[in-house]
Amino acid sequence: MSLHDKTIEELHDLLVKKEISATELTKATLEDIKSREEVMGSFVTIAEEEALKQAQSLDAKGIDADNVMSGIPLAVKDNISTKGILTTASSKMLYNYEPIFDATAVANAYGRDMIVIGKANMDEFAMGGSTETSYFKQTKNAWDQSKVPGGSSGGSAAAVASGQVRLSLGSDTGGSIRQPAAFNGVVGMKPTYGMVSRFGLIAFGSSLDQIGPFAPTVKENAQLLNVISSYDTKDATSTKNQVADFTSKIGQDITGMKIALPKEYLGEGIDPEIKENILAAAKQFEKLGAIVEEVSLPHSKYGVAVYYIIASSEASSNLQRFDGIRYGFRAEDATNLDEIYVNTRSQGFGDEVKRRIMLGTFSLSSGYYDAYYKKAGQVRTLIIRDFDKVFADYDLILGPTTPSVAFGFGDKSKDPVSMYLADLLTIPVNLAGLPGVSIPSGFVDGLPVGLQLIGPKYSEETIYQAAAAFEATTDYHKQQPKIFGGDN
């Protein structure tokens, strides 16, 4: 009995009326996961025992009629700490790591009676754009299993798109929620930096990382963000500027809303059919009453270069803690302390992680710091100012999420620069700490296209308002891949 063709509100209604129990919903979810997992490869760990135990406890307590998330299963990206449930960051380095604490986002989900059903596959330590760098398995695109699901949150996106779960959590450092959301035809939100606590998120780029939600629809995505966002004293970058209800503007008219369309987002490197799709979407927003005008974000072309200096520098610092001493993998062929460090890190990290550690260490090294890291920080400021200028006159920015639809396995993995350039449109949002969402906007060659809406800080409600207005006049979000019972 699959239940994941029903919205969260429909499932909640069934739970409140006792037409199904939390245990039955959890069992049905586990059935959905297992029946598709051999094809999809979305999960590193399926937390069956823990999930069923929590569901039974919840049934004994009773479903909260006022809490739409009560009893709803949730998949969590495998770099987000879950107490007593394996958290590997899809790396050999953490193949046996069971945290003794929950990430704040997970604790918030538990606090709203959600059920963690498993840990989703990802690029190792969130470094990659295709989930091909995972140590454990290869996750497939829900629409075409010969294509990548995107990354680094590929498992989280594919699990929702394939109907294994209704909701999941990912993390976004340079596009790692929005890009796989686009590739799999689901809704993925990267919130304002600090809106969701990073406590318990295995750090990659600390000034860029942000946890966020995946869902099939805009409203469900907003409902999950309501659950996970909170001010947290355990995260020094957590913001007190919290929003009461991210769904509050959904359904409101967008007449008169000013939307900017940057010419750089439709220029060189963008697939012509993607460009055509986004221009058609812009026309749709105009039909809904919005004002869409072309603008310029001149420094966005430097985003990829700036990102790979800053993110890699922060990663080289953050990943020093993985040394084989306290937890995780330890090389067995070491005879002294130096060899423990060197052999463990050589054998425990994959090629992409080692590449970024070396790039970051070089950028921070004496004699090169000013030329690379300092310069990158200065250009980051110019990118932020570009956004500030646009948002002085416009409510939102519209553009494609990705330059192309999902690509084939191996197409870019042997060419790191080509892979890095695939994040061209998402990276500037992280550099500026802004919120951005990817929503389905059509198909090219049978594969989903993602439309990205970007807003100023703390404008998630407005982003959801515009995204929901577009969604209400299209049926892209209703289409499902064959593995989920659809025609595509």
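All values derive from a computational prediction rather than experimental measurement.

## Some points on the pairing of strand β11 (residues 447-454)
The element β11 is largely enclosed, with a buried count of eight among its eight residues. Pairing of strand β9 (residues 396-400) with β11 involves four bridges; the strand directions are antiparallel. Residue pairing in the sheet places L398 in a bridge with L453 of β11. Summarising the sheet, strand β10 (residues 436-444) and β11 pair through seven bridges and their orientation is antiparallel. Bridge assignment links P440 to a residue of β11, and that residue is G450. Counted between consecutive antiparallel strands, the loop separating β10 from β11 contains two residues, among which D445 sits at a positive phi close to 55 degrees.

## So, the UniProt feature "domain: Amidase" (unreviewed entry) in the protein chain
The UniProt entry lists residues 24-463 under the feature "domain: Amidase" (unreviewed entry), expressed in the numbering used here. Secondary structure across residues 24-463 comprises 37% helix and 14% strand; the distance between its end C-alpha atoms is 35 Å.

## Details of unusual backbone geometry
With an omega dihedral of 5 degrees, the bond running from G151 to S152 counts as a cis peptide bond. Among the secondary structure elements, S152 is positioned in the loop between β3 (115-120) and α5 (154-161). Positive phi outside glycine occurs at K18, with the angle close to 65 degrees. Checked against the element boundaries, K18 lands in the loop between α1 (8-16) and α2 (22-40). Even without being glycine, T131 reaches a positive phi, approximately 65 degrees. Topologically, T131 is positioned in the loop between β3 and α5.

## Things to note about the nonpolar core
Grouped together as the largest cluster of nonpolar side chains are 145 residues, with contacts concentrated most on F125, F285 and F387. Among the elements that make up this core, the one with the highest residue count is helix α9 (residues 303-318) (eight residues).

## So, the environment of W143
Mapped onto the fold, W143 is located in the loop between β3 and α5. Sequence spacing of W143 and F484 is 341 residues, and the spatial spacing of their C-alpha atoms is 9.3 Å. Of note is the side chain of W143, whose polar atom sits 2.8 Å from the backbone oxygen of N184.

Conventions and cut-offs
- Residues numbered from 1 in each chain as written.
- Predicted model: local features only at pLDDT ≥ 70, side-chain atom pairs only at ≥ 80, totals over all residues.
- Heavy atoms only, no water.
- Buried < 20%, exposed > 50% of the residue type's maximum accessible area, 1.4 Å probe, protein only.
- Helix = DSSP H or I, 4+ residues; strand = E, 2+ residues; numbered from the N terminus.
- Pairing = 2+ DSSP bridges.
- UniProt positions renumbered as here; feature names shortened; annotations may be inferred.
- Core = buried A, V, L, I, M, F, W, Y, C linked by side-chain atoms within 4.5 Å.
- Polar contact = N/O pair within 3.5 Å; in protein donor to acceptor, adjacent residues only side chain to side chain.

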